[in-house]
Amino acid sequence: LLGLGLNVVVGYAGLLDLGYVAFFGFGAYSYGLLASQHYDNHWPSMIAIPVVMAGTALLGLILGFTSRRLLGDYLAIVTLFFGQAFVVFVNAANPPVRGQGLTGGPNGVADIDQLNFFGYALTTRRAEFFFLLGSVVVVLAALHFISESRTGRSWRALREDPLAAQAMGIPVNRLKLLAFAIGAAIAGLAGCIFAAVLSAVSPGNFGLPILITIYAIVILGGIGSLTGVVLGAIVINV
């Protein structure tokens, strides 16, 4: 699922985003704060997940807007800083809110609620697996239709030659923002599921090794290929 989200930014739009794990972490922490004992909030998953995805997409828009004029190595450096800044933030920036530290510091957020829909909780690994599998299928289908649309073709033009794409009248900056937002929203979804399945999140879950793994999945399967991402994920994980 993370590979599919990264494939939108890197594979479709050709933007070297090295801070992608921060969106994953933001989604996980946000879900943890909305559905756990931390602040005694227990939002049902059918409400918490869309809210977290929207918030993560907004964060992607903000990052994309601030770096919309950057390409290549320059974009990579800025996004890498963003990813590392997120880890430092959740470790150190722990101001008291409602009697609890905001991020839990190095200990993170624990006692996160299980996935639950219409009063039914997914209490077994089998149920969680099928929910995750269903999420992957839905995201795959959505990305397939986007890839075959005018937006998908414009993304590929942007990836091959941004200057030529802009000269042909393609709204390059708007497409960059859209790629960041969609990729971030998918990472937010993955973060929600990750937090619910593990029932806890901590800064160590979102370090450089997970970023390397996701990039290996996308590159091994073939940048820009949906089926390649799936095959790459299977190979890398096995």
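Just above, that's the structure.
Here goes a summary of the coordinates provided. (Residues numbered from 1 in each chain as written. Predicted model: local features only at pLDDT ≥ 70, side-chain atom pairs only at ≥ 80, totals over all residues. Heavy atoms only, no water.)

In this section: the overall build of the chain. Check the secondary structure of the chain and you find 10 helices and 6 strands. Its C-alpha atoms give the chain a radius of gyration of 18 Å, within 12% of the compact-globule value 18 Å for 238 residues. Seen through its principal axes, the chain has C-alpha atoms that stretch 55 × 35 × 30 Å. Out of the 238 residues belonging to the chain, those deemed buried represent 45%. Taking contacts inside the chain between residues at least 6 apart in sequence as the whole, the part at least 24 apart equals 73%. Here the chain carries 11 positive and 9 negative side-chain charges, and the mean point of each set is 10 Å from the other. (Helix = DSSP H or I, 4+ residues; strand = E, 2+ residues; numbered from the N terminus. Rg over C-alpha atoms; globule rule 2.2 N^0.38 Å. Buried < 20%, exposed > 50% of the residue type's maximum accessible area, 1.4 Å probe, protein only. Contact = heavy atoms within 4.5 Å. Lys, Arg positive; Asp, Glu negative; His and termini not counted. Charge placed at Lys NZ, Arg CZ, Asp CG, Glu CD.)

Right, let's get into the packing of helix α5 (residues 125-147) against helix α8 (residues 172-198). In the contact formed by α5 and α8, the axes pass within 11 Å of each other and the chain directions differ by 175°. By the angle between their directions, the pair α5 and α8 is classed as roughly antiparallel. Contact residues: R125, E128, F131, L132, S135, V139, L143 and I146 in α5; I182, I186, L189, I193, A196 and V197 in α8. Split into classes, the residues belonging to the contact of α5 with α8 amount to 11 nonpolar, 1 polar and 2 charged. (Axes fitted to C-alpha atoms, helices over the stretch in contact; angles between N-to-C directions. Parallel < 35°, antiparallel > 145°, perpendicular 65-115°, else oblique. Nonpolar A, V, L, I, M, F, W, Y, C, P; charged D, E, K, R; others polar.)

Take the packing of aromatic side chains next. One pass over the full model with this rule turns up 11 aromatic pairs. Geometrically, the ring pair formed by F24 and F206 is edge-to-face, given 5.3 Å between the ring centres and 80° between the ring planes. In this pair, F24 sits in helix α2 (residues 20-34) while F206 sits in the loop between α8 and α9 (208-221), placing the two residues 182 residues apart along the sequence. F206 matches F24 in its accessibility class, with the two residues each being buried. Taken together, a centroid distance of 6.0 Å and an interplanar angle of 65° make the contact between F194 and F206 edge-to-face. Note that F194 is positioned in helix α8 and F206 in the loop between α8 and α9, a separation of 12 residues in sequence. (Phe/Tyr/Trp six-rings, centres within 6.5 Å; stacked < 30°, edge-to-face > 60°.)

If you look at the biggest cluster of nonpolar residues, it comprises 64 residues, and the most contacted ones within it are F23, Y31, L143, W155, V201 and F206. Among the elements that take part in this core, α8 stands out by supplying 13 residues, more than any other. Residues contacting V201, with those up to four places away along its chain left out, are A28, Y29, N107, G108, V109, I112, F194, A195 and F206. (Core = buried A, V, L, I, M, F, W, Y, C linked by side-chain atoms within 4.5 Å.)

Next up on the list: helix α10 (residues 226-237). For α10, built from 12 residues, the straight-helix expectation of 16 Å at 1.5 Å per residue is met to within 8% by its first-to-last C-alpha distance of 17 Å. Taken together, the buried positions of α10 are occupied by L226, G228, V229 and G232. Relative to the axis of α10, the buried residues are bounded by an arc of 150° and lie together on one face. Exposed residues on α10 whose side chains face more than 90 degrees from its buried face are T227, L231 and V235. (Expected span 1.5 Å × (residues − 1). Arc of directions from axis to C-beta.)

The next subject is helix α4 (residues 72-92). The end-to-end C-alpha separation of α4 is 30 Å, in line with the 30 Å expected for 21 residues at 1.5 Å each. Packing partners of the buried residues in α4 comprise α2, α3 (45-66) and α8.

A few words now on unusual backbone geometry. Of note, D40 is a non-glycine position whose phi angle comes to about 60°, a positive value. Inspection of the secondary structure assignment puts D40 in the loop between β1 (35-36) and β2 (41-42). Look at D111: it is not a glycine, yet its phi comes out positive at around 55°. Considering the arrangement of structural elements, one finds D111 in the loop between β4 (100-101) and β5 (116-117). D111 sits in the exposed class, given a relative accessible area of 52%.

Turning to the side chain of N41, a few remarks are in order. Along the chain, the position of N41 falls in strand β2. Engagement of the side chain of N41 in a polar contact is seen with the backbone oxygen of L33, the distance being 3.2 Å. When near neighbours in sequence (up to four residues on either side) are disregarded, N41 contacts L33, L34, A35, S36, R98 and D113. (Polar contact = N/O pair within 3.5 Å; in protein donor to acceptor, adjacent residues only side chain to side chain.)

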